[in-house]
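Structural overview
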Amino acid sequence: MIEHYVAAVSSYARDIDQLILLIGVFVGFWFLLSEVVFFWLIFRYRRRDGRAAQYVTGEEKHEKRWVTIPHLLVLVCDVFIIVGAVRVWYEVKQDLPPADATVRVIGQQWAWSFVHPGPDAELDTADDIRTVDELHLEVDKTYHFKLTSRDVLHSFSVPVFRLKQDAIPGREITGWFKAEKTGSFDVQCAEICGIGHALMPGKLVVETPAEHAAWMAGRAGVALARMLHEPSGLAAAPRRAAGGF
Amino acid sequence: MNHPGWRRRRAAQREVSEDMAGNAASAAAGAHEAHHHAELSFWGKYIFPTDHKMIAMQYMFTGMALALVGGFMAYAFRMQLAFPGMEVPGYGLVSPRDYNALITNHGAIMIFWVAMPVLVAAFGNYLIPLMVGCDDMVFPKINRLSYQIFFVSSIVLIISFFVPGGGFGGAWTAYPPLSAVAKYSMTPLGSTLWLVAVALEFVAFLLGGINFVTTAMNSRAPGMNLYRVPIVVWFIVIASILFMASVGPLIAGAIMLFMDQVVGTHFFDPASGGDPILWQHLFWFFGHPEVYVVLLPAIGIVAEIITVFARKKLFAYKIVLYTAFATGILSFTVWAHHQFIAGVDPRMAHIFTITTLIISVPIAEMLFVYIATLYGGSISLTTPMLWALAFIAEFLIGGVTGIFLGASGADIYFHDTYFVLAHFHYTFFPIAIIGTFAGFTFWFPKMFGKHMNETLGKIHFWGTIIPFNFIFIPLFILGVAGDHRRIYNYMHFPELARPELQNLRVLATVALLVMLAFQFVFFYNLIVSLWKGRQAEKNPWKANTLEWTAPSPPPHGNFAELPQVYRGPYEYSVPGRGEDYWPQNVPS
């Protein structure tokens, strides 16, 4: 149901969608059942002249059954949902597959900075490619991301990946994704971060290896120029340095 | 029957309590007796009352006034979302700064200054002494102080909108560093005043909570054992205990945040060794039980109403009570489901997924019990009953959609989207608005001795319920489509700027306008009914609980003679009795 609105681009997007569908089936069943019984009872036992209400305490065993059995069944459904949720969570957030490459994602008021490993495929080297509000990835490649913030909380959210992770100043959080489709997609900040919170739309570009190499080649001159000007280019912040940690 | 001894004992008890509170003003038991019958001046009666009913009305009408402020804010920011950049009639341009301040204060007002004062403080104050059969709260002067502090907190909050820099705009959850550092929030005065207002508001409800628990435990009429206490009283007591047990960490957090803002400490500043996530734990350790603090009084009100208008005994009273205890205890173990993706250890998510899904069991059971209560009833759809039934129907939506968010794997996508927003509005709207209208229309004859107009009541009901669903069902869809929260203009996001999504935003806004317009029907009905409504007798609904044995409206001191209780509160349609109700105070 989510793919109708938002494409599923990451390797785990479908798993999250399926979990949501599973929950939807369980809770949908209980919801419909409860509402149907509820409205039927209101209709069936509406006030009529000459018909008195019954005296039912609900304390007898055969009466309590009507509440305790559904409640146990709800518990059973909860177990299925918990198992599904834990499995998906483990896959997305806890179990990091080996990375083909690593990118750095930095949130700040009010932009995303991305540091891509340059042609040498190593992060934190001189040929890193830094961009603002634009993340370039190669399709079918497993990336780790290292996420942090320069000032307040932000949240790195990529709806097509079904991924969201808060960025916290003073911490570096590692996660992963693997894009399986090419195209250009939205990056959001999903945690309020001040008056420019709505001004943090980033762009995610997933490219074929050839396109990605071409993009990297186009950026090589920029990286070289910065390296010549700032030998300690790694520490330079793209915009205002804030906080300091 | 008369109980002079009982009454003296109560008065003496009160003296001891008042002295304990350092309040020696009411010296002798005799003086206290006299005070019940003396004519009070306008100031003593309406402005500085100690009568629980008048304090309840102060809370009720302050809460309703602030609900109008909160509703106006919703109007302003929904207009901006539907028609970005539009000059909103009655407000003007909504800048990003305004937008953040509006959503922040809308949330804070609706929870802290509407749901809390109306459901917990107003209904708690009004109902507890009347329903347990005593003349007033145990600590009437603390009660008065509670409202006074609450009133000051409301003033401070409203001032915070108008200071240089504008009102606080860091969301009602006030996560640091945004809330702690002025150069990030750009509202140096607004954020501090907001925080002070919230802290004062907590103090007010702590004082109120002490009264509720003490009164319900110590001042019950003879014969009213704990299993004969009406569910709504129980639920307000449980809510007060939850509040008092959970608010401590947040008050500590608020002081630390205040120090970070004003004194320059670094509790939440990572650059100096602080931790911003600490605030989230302190906040949600309070914030999640808070959901049940406002839910329980509302769902308790619903129990009173459906039993009266279905003429049915509450199905399995003890199960209802135990589910509330279970919910209360479990509510302290679920807070970190608000923080799944906040950067806490990913392994922790499993524990909180389990506890969160387990808490669905007692709440589901409670709703099953309410539905079972309807079985075999004789249901009349009066205005209060419509509200009470609507509570169940709508709250179910809020309940089931919570499962998506409590399940860690699904929350990765839904966290901080409009799905969350629609979910909690499907819980908070039934609680704060539907629950309030249910209770208010039900007890209105008791409160004011007049009946409200039923036709207008029903017009108001349908004019509120139908648009309510048209506001929030589109927002569920928008959440699924990826609308993230607290964004003042979605046109910046190519995936979200599509016309089919914008149409849903417009639909929600139009529905809000319709719903707000129908609230005038309520206020018109309220004023006309107060002015020339049909006179209400003592017990117009033929209900069992003790408040209906007092005159309408009850005088200062409530009962001409304090009641004796012989049975539980829900003995409706008992076989072999001529009447289909059996008040708690009528001897067998």
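Since we're looking at a predicted model, the values are computed, not measured.

**Overview of the overall build of chain A**
- Scanning chain A from N- to C-terminus turns up 3 helices and 10 strands.
- Moving toward the C terminus, one meets the helices and strands of chain A in the order α-α-β-β-β-β-β-β-β-β-β-β-α.
- Here the C-alpha radius of gyration of chain A, 26 Å, is well above what a compact globule of 245 residues would show, namely 18 Å.
- Looking at chain A as a whole, 40% of its 245 residues are labelled buried.
- Pairs at least 24 residues apart make up 69% of the contacts formed inside chain A by residues separated by at least 6 positions.

**Comments concerning the overall build of chain B**
- Along the backbone of chain B there are 18 helices and 2 strands.
- Computed over the C-alpha atoms, the radius of gyration of chain B is 24 Å, within 12% of the 25 Å expected from 2.2 N^0.38 for a compact globule of 588 residues.
- Each of the 588 residues in chain B was classed as buried or not, and the buried ones make up 61%.
- Considering only intrachain contacts with a sequence separation of at least 6, the fraction spanning at least 24 residues in chain B is 81%.

**A few points about the sheet that holds strand β4 (residues 134-138) of chain A**
All names here are of chain A.
- An order of β4-β10-β9-β6-β7 is seen for the 5 strands of this open sheet, with the pairing classed as mixed. Looking along the sheet, the strands with just one partner apiece sit at the ends: β4 and β7 (163-167). On average, each strand axis in the sheet is tilted by 25 degrees relative to the strand beside it, whichever way the strands run.
- Strand direction decides the pairing type here: strand β9 (residues 183-189) and strand β10 (residues 202-207), joined by 5 bridges, are antiparallel. Following the sheet pairing, D186 is matched in β10 by K203.

**Digging into the environment of K164 of chain A**
- In this fold, K164 of chain A is placed in strand β7.
- The spacing of K164 of chain A and G24 of chain A is 140 residues in sequence and 21 Å in space, taken between C-alpha atoms.
- The residues touching K164 of chain A, leaving out its near neighbours within four places in the chain, are S155, S157 and A190 of chain A together with I341, I412, H415 and D416 of chain B.

**What to know about the packing of helix α5 (residues 96-132) of chain B against helix α6 (residues 140-162) of chain B**
Residues and elements named next belong to chain B.
- Contact geometry for α5 and α6: axes closest at 12 Å, N-to-C directions at 165 degrees. The orientation of α5 with respect to α6, classified from their angle, is roughly antiparallel. You can see that α5 and α6 cross each other, and the crossing is left-handed. Mapping the contact onto sequence places A101, N105, W113, P117 and N125 in α5 and N143, F150, S154, L157 and F161 in α6.
- Of the residues assigned to the contact of α5 with α6, the class counts are 6 nonpolar, 4 polar and no charged.

**Points about the sheet that holds strand β1 (residues 101-108) of chain A**
Residues and elements named next belong to chain A.
- One open sheet holds the 5 strands; their spatial order is β3-β2-β1-β5-β8, and the pairing between them is mixed. The sheet is open, and its two borders are formed by β3 (129-132) and β8 (173-178), each paired with just one other strand. For this sheet, the mean inter-axis angle between neighbouring strands, taken without regard to orientation, is 25 degrees.
- Pairing geometry for β1 and strand β5 (residues 142-149), over 7 bridges, is parallel.

**As for the interface of chain A and chain B**
- Opposite the 81 residues of chain A that make contact, chain B presents 82 residues.
- Contributions of two or more residues to the side of chain A that touches chain B are made by α1 (13-44), α2 (61-94), β6 (154-158), β7 and β9 of chain A.
- For the side of chain A that touches chain B, the residue count by class is 48 nonpolar, 18 polar and 15 charged.

**Thoughts on the domain arrangement of chain A**
- Segmenting chain A into domains produces domain 1 (13-94) and domain 2 (101-235).
- Between the C-alpha centres of domain 1 of chain A and domain 2 of chain A there is a distance of 43 Å.

**Observations regarding the nonpolar core**
- Among the nonpolar cores identified, the biggest contains 267 residues, and A115, V233, V294 and V302 of chain B are the most heavily contacted of them.
- Looking at this core element by element, the count peaks at 25 residues for α5 of chain B.
- Two domains share this core, each providing at least three of its residues, namely domain 1 (13-94) and domain 2 (101-235) of chain A.

**A look at unusual backbone geometry**
- Residue P176 of chain B is joined to P177 of chain B through a cis peptide bond whose omega torsion reads 0 degrees.
- Across the junction of S552 of chain B and P553 of chain B, the peptide omega takes the value -10 degrees, indicating a cis bond.
- Relative to the helices and strands, P553 of chain B resides in the segment after α18 (499-532).
- Positive phi outside glycine occurs at R162 of chain A, with the angle close to 60 degrees.
- Within the element layout of this structure, R162 of chain A appears in the loop between β6 and β7.
- Phi is positive for A316 of chain B, close to 55 degrees, though the residue is something other than glycine.

**Description of the pairing of β7 of chain A**
All names here are of chain A.
- Within β7, 5 of the 5 residues are buried, which leaves the element mostly enclosed by the surrounding structure.
- Residues L163, Q165 and A167 point to one face of β7 and K164 and D166 to the other, with burial holding for every one of them.
- Here 5 bridges tie β6 to β7, and the two strands are oriented antiparallel to one another. Within the sheet, the bridge partner assigned to S155 lies in β7 and is D166.
- As consecutive antiparallel partners, β6 and β7 are separated by 4 residues, and within that stretch R162 has a phi angle of approximately 60 degrees, a positive value.

**Some details on the environment of F428 of chain B**
All names here are of chain B.
- In this fold, F428 is placed in helix α16 (residues 418-448).
- Exposure remark for F428: the 23 C-beta atoms within 10 Å place this residue in the buried category.
- Sequence-wise, F428 and F235 are 193 residues apart; in three dimensions their C-alpha atoms are separated by 17 Å.

**Points about the packing of helix α8 (residues 188-218) of chain B against helix α9 (residues 231-262) of chain B**
Residue and element names in this part refer to chain B.
- Between α8 and α9, whose axes approach to 8 Å, the crossing angle comes to 155 degrees. By the angle between their directions, the pair α8 and α9 is classed as roughly antiparallel. In this structure, the crossing between α8 and α9 has a hand that is left-handed.
- Here the contact of α8 with α9 is built from residues that sort into 21 nonpolar, 5 polar and no charged.

What counts, and at which threshold
- Residues numbered from 1 in each chain as written.
- Chains lettered and ligands numbered in written order.
- Predicted model: local features only at pLDDT ≥ 70, side-chain atom pairs only at ≥ 80, totals over all residues.
- Helix = DSSP H or I, 4+ residues; strand = E, 2+ residues; numbered from the N terminus.
- Rg over C-alpha atoms; globule rule 2.2 N^0.38 Å.
- Buried ≥ 20, exposed ≤ 12 C-beta atoms within 10 Å, placed from the backbone.
- Contact = placed C-beta atoms within 7 Å.
- Pairing = 2+ DSSP bridges.
- Axes fitted to C-alpha atoms, helices over the stretch in contact; angles between N-to-C directions.
- Parallel < 35°, antiparallel > 145°, perpendicular 65-115°, else oblique.
- Left-handed = near helix turned anticlockwise from the far one by under 90°.
- Nonpolar A, V, L, I, M, F, W, Y, C, P; charged D, E, K, R; others polar.
- Domains from an automatic or database assignment.
- Core = buried A, V, L, I, M, F, W, Y, C linked by C-beta atoms within 7 Å.

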